[in-house]
Amino acid sequence: MLQIFRGVFARSVGPARQNLALPAANKAFSAASAAICWPPVPAVKLTEQQAKSRAHFPNLIVVESAANPDTMATATAPALNKRIGFLGSGQMAEALARGLMKRGLVSGEHIACNDPNPARTNLFKSFGATPYESNADVARNADVIFVAVKPQHVAQVLSEVRPVLTEGHTVVSIAAGITIDKLVEAAGPDAHVVRVMPNTPCLVGETAAAMCLGGKANADDETLVRTIFEAVGKIYTVDEKLLAAVTGLSGSGPAYVFLMIEALADGGVRAGLPRDIAQALAAQTVLGSAKMVMETGTHPGALKDMVTSPAGTTIAGVHELERAGIRAAFMNAVVAATDRANQLSKM
Ligand SMILES: NC(=O)C1=CN([C@@H]2O[C@H](COP(=O)(O)OP(=O)(O)OC[C@H]3O[C@@H](n4cnc5c(N)ncnc54)[C@H](O)[C@@H]3O)[C@@H](O)[C@H]2O)C=CC1
Ligand SMILES: O=C(O)[C@@H]1CCC=N1
């Protein structure tokens, strides 16, 4: 039996970004739906509720498809005819490599990597990637080169690959705080450089990422990077000056949410639930709530009000959160991480 799945794509970007302004957004959306609702489906009429939300979220795009949401998690994107290289094979490189393989965009034999830590190269080898002796060798054996080392190592690894870079390479740095100017200085003025701030949920096909272009990077590089990241989530193009805020919100954000899930589970345990059930309920509650925001397009405040009965249980809990300054705490976390990203870019 066909299940109707309603997907809503909220494009939370400003009008300044011409690549996401309608009708160009429809082009971007086609690529997004190709990864998330496969095969692609046409946009349909908004429901009354969605139309109301649309007034507040003009960039919202709604689709309805016959795809089964359960199978979508394993849906594959069209294979990418490119070799991927990782300079650094740490946490983020692993999340990206595994996410891309899971979505069928690349297979292990199309992945080249280098890392001084043998445990990391062995791990990459275990899923079919080829470890090389040097970063330059990775570049020789890749078309898209991910710079996935800590920010303080970026200049060094780029100086190692610079002599072998060609026009056919797209260099993608995911390092927090390392500006396009610094990347071009290290990789050379002819390098096609793209700066991306992803997050670890690319492992499960749900990254929230943003990018900006630099050096000789062109529309083809942008499309290539967009294709890669749309296979494992969502990506927006932003002005570089906004990447620090992206880092503070979505780059670091999974840590805030994991902490929240842990704390909710602790609350459940304190209230008498077994740990495993408490953690499963906490994580599923976060997942379901996020899906409601994405799929209904309704303001989160309105969704909160739908849970909150007069003199009921929820408002008692909400009162405690407000007393503890939860909103300011989350806002301050994003601002502190943004400030730190800005500091890193000045080092
Ligand atoms: N972890 C996260 O959630 C996110 C991290 N990032 C960025 O991704 C980059 C990597 O972060 P993680 O994966 O968390 O760090 P990590 O420490 O797990 O990985 C870095 C890897 O680089 C390797 N490495 C060090 N020197 C090297 C060299 N000269 N050549 C090749 N490899 C070398 C290390 O052995 C290590 O395995 C950082 O710049 C970070 O800002 C960006 C978004 C999210
Ligand atoms: O904590 C960090 O510096 C990196 C960048 C964004 C997430 N993790």
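All values reported here derive from a predicted model rather than from experimental measurement.

Overview of the UniProt feature "domain: Pyrroline-5-carboxylate reductase dimerisation" (unreviewed entry) in the chain
Under the present numbering, the feature "domain: Pyrroline-5-carboxylate reductase dimerisation" (unreviewed entry) in UniProt falls on residues 240-344. Secondary structure over residues 240-344 splits into 83% helix and 0% strand, and the C-alpha atoms at its two ends are 14 Å apart.

What to know about the site of ligand 1
For ligand 1, the set of nearby residues contains 28 residues, the closest of which are Gly-88, Gly-90, Met-92, Ala-175 and Ala-176. Among the elements of the structure, α4 (91-102) and α7 (154-161) are those that each provide at least two residues to the shell around ligand 1. The leading source of residues in the shell around ligand 1 is α4, at 3 residues. For the shell around ligand 1, the per-class residue count stands at 13 nonpolar, 12 polar and 3 charged.

Topic: the confidence of the model for the chain
The predicted model of the chain averages 83 in pLDDT, with 78% of residues at 70 or higher. Segment residues 1-47 is flagged for pLDDT under 50; beyond a separation of four residues in sequence, or across chains, it makes 83 contacts in the model. Confidence drops under a pLDDT of 50 for residues 49-74, and excluding neighbours within four residues, the segment shows 57 contacts in the predicted structure. With a pTM of 0.81, the predicted complex shows an ipTM of 0.99.

Here's the deal with the site of ligand 2
Every residue near ligand 2 is listed here: Ala-176, Thr-247, Gly-251 and Ser-252. Here the shell around ligand 2 is composed, by residue class, of 1 nonpolar, 3 polar and no charged.

What about the nonpolar core?
The nonpolar side chains of soluble globular proteins are, as a tendency, buried together. Among the nonpolar cores identified, the biggest contains 66 residues, and Leu-87, Ile-145, Phe-146, Val-147 and Val-172 are the most heavily contacted of them. At 6 residues, α4 tops the list of elements feeding residues into this core. Among all residues touching Leu-87, those that are not within four sequence positions of it are Asn-114, Asn-135, Val-138, Ile-145, Phe-146, Val-147, Ala-148, Val-149, Val-157 and Val-161.

Describing helix α12 (residues 275-296)
The end-to-end C-alpha distance of α12 is 31 Å, a good match for the 32 Å that 22 residues give at a rise of 1.5 Å each. Looking one or two places after α12, you find Gly-297, whose phi comes out positive at around 70°.

Remarks on the packing of α7 against helix α8 (residues 180-187)
Packing of α7 against α8 brings their axes to within 8 Å, and their N-to-C directions diverge by 35°. Taken together, the residues of α8 that come into contact with α7 (itself represented by Val-154, Ala-155, Leu-158 and Ser-159) are Lys-182, Leu-183, Ala-186 and Ala-187. The class makeup of the residues in the contact of α7 with α8 is 6 nonpolar, 1 polar and 1 charged.

Section: the UniProt feature "domain: Pyrroline-5-carboxylate reductase catalytic N-terminal" (unreviewed entry) in the chain
When the UniProt feature table is mapped onto this chain, "domain: Pyrroline-5-carboxylate reductase catalytic N-terminal" (unreviewed entry) is found at residues 83-177. Helix makes up 37% of residues 83-177 and strand 19%, and the two end C-alpha atoms of the span are 26 Å apart.

Observations concerning the environment of Pro-300
On the secondary structure map, Pro-300 appears in helix α13 (residues 300-307). Pro-300 sits in the exposed class, given 11 other C-beta atoms within 10 Å. In this structure the C-alpha to C-alpha distance between Pro-300 and Ser-289, which are 11 residues apart in sequence, comes to 8.9 Å.

Concerning the pairing of strand β7 (residues 170-173)
On any regular strand, side chains alternate: one points to one face of the sheet, the next to the other face. Neither face of β7 is left uncovered, since the one carrying Thr-170 and Val-172 and the one carrying Val-171 and Ser-173 both have all their residues buried. Relative to β7, strand β6 (residues 144-147) is paired through 4 bridges, and the arrangement is parallel. Paired with Phe-146 across the bridge in β7 is Val-172. Sheet analysis places β7 next to strand β8 (residues 192-197), joined by 3 bridges and oriented parallel. Each bridged residue has a counterpart across the sheet, and for Ser-173 the counterpart in β8 is Arg-195. With respect to chirality, the unit in which β7 leads through α8 into the neighbouring parallel β8 is right-handed.

Notes on the sheet that holds strand β10 (residues 233-237)
Taken in spatial order, the 8 strands line up as β5-β4-β3-β6-β7-β8-β9-β10 in an open sheet, and their pairing is mixed. Two strands in the sheet have a free side with no partner beyond their single neighbour: β5 (130-131) and β10. Note: strand β3 (residues 84-87) against strand β4 (residues 111-114), 4 bridges, orientation parallel. By the bridge assignment, Ile-84 is partnered in β4 with Ile-111. Across the sheet, helix α9 (residues 219-230) is in contact with β6, β7, β8, β9 (207-215) and β10; its angle to β10 comes to roughly 150°.

Rules used in this analysis
- Residues numbered from 1 in each chain as written.
- Chains lettered and ligands numbered in written order.
- Predicted model: local features only at pLDDT ≥ 70, side-chain atom pairs only at ≥ 80, totals over all residues.
- UniProt positions renumbered as here; feature names shortened; annotations may be inferred.
- Helix = DSSP H or I, 4+ residues; strand = E, 2+ residues; numbered from the N terminus.
- Near = placed C-beta within 6 Å.
- Nonpolar A, V, L, I, M, F, W, Y, C, P; charged D, E, K, R; others polar.
- pLDDT = per-residue confidence, 0-100.
- Contact = placed C-beta atoms within 7 Å.
- Core = buried A, V, L, I, M, F, W, Y, C linked by C-beta atoms within 7 Å.
- Buried ≥ 20, exposed ≤ 12 C-beta atoms within 10 Å, placed from the backbone.
- Expected span 1.5 Å × (residues − 1).
- Axes fitted to C-alpha atoms, helices over the stretch in contact; angles between N-to-C directions.
- Pairing = 2+ DSSP bridges.
- Right-handed = clockwise from strand over helix to strand, strands pointing away.

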